[in-house]
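So you can see what is in the structure, the chains are spelled out below.
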Amino acid sequence: MKRNTQQLNNLAIQVRRDILRMVHAVNSGHPGGSLGCTEFFVALYQNLMERKDTFDMDGIGEDIFFLSNGHISPVFYSVLARSGYFPVSELATFRKIDSRLQGHPTTHEGLPGVRIASGSLGQGMSVAIGAAQAKKLNQDSHLVYSLHGDGELQEGQNWEAIMYASAKKVDNLIATIDLNGKQIDGSTDEVLPMGSIKAKFEAFDWDVVEIAKGNDIEAIIAGMTEAKAKTGKGKPVCVLLHTEMGNGVDYMMYSHAWHGKAPNDAQLEAALLQNYSEDESDY
């Protein structure tokens, strides 16, 4: 059953709490991008994707998702757990020895919900395209979703894959770009300006949908529903999701500084106070 907007927003608050606790506990991880994509993940898994209650790697007969920018694993793990893929209590093992919840998702631990190892940036687009083509071969009408960082698009393999997808009419793919304008060393414009990403995707013959309010649940659902309506028409679909890195924690927002830095005790307390909910159920 799909959750209503209030329920989704409440869950987003809980996911932000999970992210903050996870990275604080081990003084390691990537809170900035994770917080920025919280609403997207919540909407995707709780409202948008047609998915089974159980997990198998084949993913036949359901929509599937690939996380390309794997360093935002905290938000991925939290939403997977809160969506029933594995016990919420396992979030407490994040980045610990022998944990299935490694800093970057991997498959050899057999963590339900994780389909690829995505520590190396720039590879998720190729994998998603291959999976989308496999669905066509299997006569499976379900969709493939993927998420990529905007800084990640500086990797050249993306553009080979983007060119291939349109040439082969991979029209059962919705690739979302997290447009927060920041990466580990600064703004994307400072590190390597990419110009208009929309114009680039359109030049590669993709359909493009923009979601200006990428941290708003209703805007995300509306934009992704529009993107879904464009599938099956001969072109892959790109969603440009405008987000704020560190969203929901005032001292993390509007800066790249929290790309890969954990909050200390006082900072954690302040961040949790900003994300209080009576419905909280911390692990």
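See above for the structure.
Residues numbered from 1 in each chain as written. Predicted model: local features only at pLDDT ≥ 70, side-chain atom pairs only at ≥ 80, totals over all residues. Heavy atoms only, no water.

Enquirer: How should the packing of aromatic side chains be read in this particular structure?
Expert: The geometry of an aromatic ring pair is captured by the separation of the ring centres together with the interplanar angle, meaning the angle of the planes. Within this structure, the stated rule accounts for 12 aromatic pairs. Put simply, the rings of Phe40, Phe41, Tyr45, Phe55, Phe65, Phe76 and Tyr85 touch in pairs and so form one group of aromatic residues. Against the face of Trp258 rests Lys261, its NZ or CZ located 4.2 Å from the ring centre. (Phe/Tyr/Trp six-rings, centres within 6.5 Å; stacked < 30°, edge-to-face > 60°. Lys NZ or Arg CZ within 6 Å of the ring centre and 35° of its normal.)

Enquirer: Even after reading the chapter, I still don't get the nonpolar core, so can you show me in this structure?
Expert: It is characteristic of soluble globular proteins that their nonpolar side chains tend to be buried jointly. Core analysis: the biggest nonpolar cluster contains 55 residues, and Phe40, Phe41, Tyr45, Phe65, Tyr77, Phe86 and Met224 have the highest contact counts within it. A per-element tally of this core places helix 1 (residues 5-26) first, with 8 residues. Ignoring any residue separated from it by four or fewer positions in sequence, one finds Tyr77 in contact with Met22, Phe86, Leu91, Phe94, Arg100, Leu101, Gln102, His104, Pro105, Leu111 and Val114. Core analysis: the second largest hydrophobic core is formed by 26 residues, Phe66, Ala131, Leu179 and Trp206 among them. (Core = buried A, V, L, I, M, F, W, Y, C linked by side-chain atoms within 4.5 Å. Buried < 20%, exposed > 50% of the residue type's maximum accessible area, 1.4 Å probe, protein only. Helix = DSSP H or I, 4+ residues; strand = E, 2+ residues; numbered from the N terminus. Contact = heavy atoms within 4.5 Å.)

Enquirer: In this structure, what is going on with empty space enclosed by the protein? I would like to understand it.
Expert: To find leftover empty space, one rolls a probe the size of a water molecule over the atoms. With the rule as written, the count across this model stands at 2 cavities of 30 Å³ or more. When its volume is computed, the largest cavity comes out at roughly 70 Å³. If you trace the largest cavity, you find it lined by Tyr45, Met49, Arg51, Phe55, Glu62, Asp63, Ile64, Phe65, Leu80, Tyr85, Gly113 and Arg115. The residue inventory of the lining of the largest cavity, partitioned by class, reads 7 nonpolar, 1 polar and 4 charged. Volume-wise, the second largest cavity comes out at about 40 Å³. Ranked by residues supplied to the lining of the second largest cavity, first place goes to strand 1 (residues 64-67) with 3 residues. Of the residues contributing to the lining of the second largest cavity, the split by class is 7 nonpolar, 1 polar and 1 charged. (1 Å grid on protein atoms, 1.4 Å probe; cavity = no way out; pocket = protein on both sides within 12 Å on 5 of 7 lines; lining within 4 Å. Points joined across faces, edges and corners; volume = space filled by probe spheres on them. Nonpolar A, V, L, I, M, F, W, Y, C, P; charged D, E, K, R; others polar.)

Enquirer: When you look at the pairing of strand 1 in this model, what are you seeing that I'm missing?
Expert: The two faces of a sheet get side chains in turn, since along a regular strand they alternate between them. Here strand 1 shows a buried face lined by Ile64 and Phe66 and a second buried face lined by Phe65 and Leu67. Bridging between strand 1 and strand 2 (residues 144-149) involves 4 bridges; their strand directions are parallel. When the bridges of strand 2 are listed, Phe65 appears paired with Tyr145. (Pairing = 2+ DSSP bridges.)

Enquirer: What's the story with the side chain of Asp150 in this structure? I'm lost.
Expert: Examined against the element boundaries, Asp150 turns out to sit in the loop between strand 2 and helix 6 (156-167). This buried residue, Asp150, is left without a salt bridge; Lys182 holds the nearest opposite charge, at 7.9 Å. Separated by 3.1 Å, the side chain of Asp150 and the backbone nitrogen of Asn180 make a polar contact. Polar side-chain contacts of Asp150 include one of 2.7 Å to the backbone nitrogen of Gly181. Aside from chain neighbours lying at most four places away, what touches Asp150 is Ile177, Asp178, Leu179, Asn180, Gly181, Lys182, Thr188, Met194 and Ile197. (Lys, Arg positive; Asp, Glu negative; His and termini not counted. Salt bridge = Lys/Arg side-chain N within 4 Å of Asp/Glu carboxyl O. Polar contact = N/O pair within 3.5 Å; in protein donor to acceptor, adjacent residues only side chain to side chain.)

Enquirer: I keep staring at the environment of Gln102 and nothing clicks. Help me out?
Expert: Its place among the elements puts Gln102 in the loop between helix 4 (73-82) and helix 5 (124-137). With 171 residues separating them in the primary sequence, Gln102 and Leu273 have C-alpha atoms 27 Å apart. Setting aside residues no more than four positions away along its own chain, Gln102 makes contact with Ser73, Tyr77, Phe94, Arg95, Lys96 and Glu109. A polar contact of 2.7 Å, which involves the side chain of Gln102, links it to the backbone oxygen of Ser99.

Enquirer: Where do I start with the packing of helix 1 against helix 10 (residues 265-274) in this structure?
Expert: For any two helices packed against each other, the geometry comes down to the angle between their axes and how far apart the axes lie. Closest axis-to-axis distance for the helix 1/helix 10 pair is 10 Å, and the angle between their directions is 175°. One way to sum up the angle between helix 1 and helix 10 is to call them roughly antiparallel. Every residue of helix 10 that contacts helix 1 at Arg17, Leu20, Arg21 and His24 is listed here: Asp265, Leu268, Ala271 and Leu272. In the contact of helix 1 with helix 10, the residues fall into 4 nonpolar, 1 polar and 3 charged. (Axes fitted to C-alpha atoms, helices over the stretch in contact; angles between N-to-C directions. Parallel < 35°, antiparallel > 145°, perpendicular 65-115°, else oblique.)

Enquirer: What's the story with the sheet that holds strand 2 in this structure? I'm lost.
Expert: One key point about sheets: their strands pair by backbone hydrogen bonds, in either a parallel or an antiparallel sense. Pairing is parallel in the open sheet, where 5 strands are placed in the order 1-2-3-7-6. Looking at which strands have only one partner, the edges of the open sheet turn out to be strand 1 and strand 6 (207-211). Neighbour-to-neighbour, the strand axes of the sheet open up by a mean angle of 20°, direction not taken into account. Where strand 3 (residues 173-179) and strand 7 (residues 237-242) come together, 6 bridges link them in parallel fashion. Residue pairing across strands places Ala175 opposite Cys238, the latter belonging to strand 7. Against the sheet, helix 5 engages strand 1, strand 2 and strand 3, with an angle of about 175° to strand 2.

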